[in-house]
Amino acid sequence: MDSIWLTGAEWLAVLRIGLGLWWLESWRHKDKKGWFERGTGIAWAADVAAGHKWGAVRSGFDAVVAPRPKTMAYVVVYAELALGLGLIAGFLTPVALAGGLLLNLLYLVLMIHDWAEQGQNAMMALISLVALFAMSWQTWSLDDAFGLFR
C-alpha cells in the first residue's frame, strides 16, 4: 500500500486514535451530574424509546434499561470513557472497537428519527469496522507493545 507521509498502518492508528478522541469528547461534554443525580440521559432515552416506531426498541428498552436507570446511566457514561481511553492508548483495541461499534449501532437504532445524530453514529460505526478489520492496533498501541492480538 502506498501512502503519503505515514505508512498505511500508521494512518490506521491515526484513525483509531481519532475515534478514541471522539468517544472521549462524547464523555467529556456529558452533564454527569444530570446523568447520575437527576437521570436526565436515561429519561431522555426513555422518551425517545417510548415514541419509537419499532416495537422491539420499545420493549427492549423497557426490559433492559427502564428497570435499572441509574446503573444504565453509569454504564453508558463510563463505557464512552473506557472506549475513548482504550482506543487512544490502543489497549484491548479489538474489544473497544467491537464495543464501540455495538454502542453506535444501539444509538443509531434508538435515534432513528434524529438525522443530526445519525451521521455521527454511522461514521463512528464505519470507522470502528474499518479499524477492527484492518487491525489498527498494530501500530502506536499498548496492544502492540505487549504483543496482544497478533
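Everything below is about the structure printed above this text.
Just so it is clear, the model here is predicted, and its values are computed rather than measured.

What counts, and where the lines are drawn
Residues numbered from 1 in each chain as written. Predicted model: local features only at pLDDT ≥ 70, side-chain atom pairs only at ≥ 80, totals over all residues. Heavy atoms only, no water. Core = buried A, V, L, I, M, F, W, Y, C linked by side-chain atoms within 4.5 Å. Buried < 20%, exposed > 50% of the residue type's maximum accessible area, 1.4 Å probe, protein only. Helix = DSSP H or I, 4+ residues; strand = E, 2+ residues; numbered from the N terminus. Contact = heavy atoms within 4.5 Å. Phe/Tyr/Trp six-rings, centres within 6.5 Å; stacked < 30°, edge-to-face > 60°. Expected span 1.5 Å × (residues − 1).

**Student:** Would you explain the nonpolar core in this entry?
**Tutor:** Across soluble globular proteins, nonpolar side chains show a tendency to be buried alongside one another. Counting residues in hydrophobic clusters, the biggest one holds 27 residues, and the most contacted among them are Leu-19, Trp-23, Trp-35, Ile-42 and Leu-97. Going through the elements one at a time, α1 (8-28), α2 (32-38), α3 (40-50), α4 (55-64), α5 (69-89), α6 (93-110) and α7 (115-133) are the ones with two or more residues in this core. Counting residues per element, this core draws most heavily on α5, which supplies 6 residues. Every residue in contact with Trp-23, bar those within four places of it in the chain, is listed here: Glu-80, Leu-83, Gly-84, Leu-87, Gly-100, Leu-103, Asn-104, Tyr-107 and Met-124.

**Student:** Is there a simple way to explain the packing of aromatic side chains in this structure?
**Tutor:** One pass over the full model with this rule turns up 6 aromatic pairs. For the ring pair Tyr-74 and Tyr-78, a centre distance of 6.1 Å and an interplane angle of 15° mean the geometry is stacked. Placement of the pair is Tyr-74 and Tyr-78 together in helix α5, with a separation of 4 residues, close to one helical turn. A residue is classified by how much of its surface remains accessible, and Tyr-74, at 36% relative accessible area, is partly exposed. Here the aromatic cluster, defined as three or more aromatic residues joined through ring pairs, consists of Phe-36, Tyr-74 and Tyr-78.

**Student:** Can you walk me through α5 in this structure?
**Tutor:** Side chains three or four residues apart in an α-helix point the same way, a direct result of the helix having 3.6 residues per turn. For α5, spanning 21 residues, the distance from its first C-alpha to its last is 30 Å, which sits close to the expected 30 Å at 1.5 Å a residue. Considered for burial, the residues of α5 that qualify are Met-72, Ala-73, Val-76, Val-77, Glu-80, Leu-81, Leu-83, Gly-84, Gly-86 and Leu-87. Of the surrounding secondary structure, the elements contacted by the buried residues of α5 are α1, α2, α3, α4 and α6.

**Student:** Which parts of the structure should I look at to understand the side chain of Asn-121?
**Tutor:** Tracing the sequence through the fold places Asn-121 in helix α7. Its relative accessible area of 1% is what places Asn-121 among the buried residues. In this structure, Asn-121 is in contact with Asn-104, Tyr-107, Leu-108 and Met-111, ignoring residues within four places of it in sequence.

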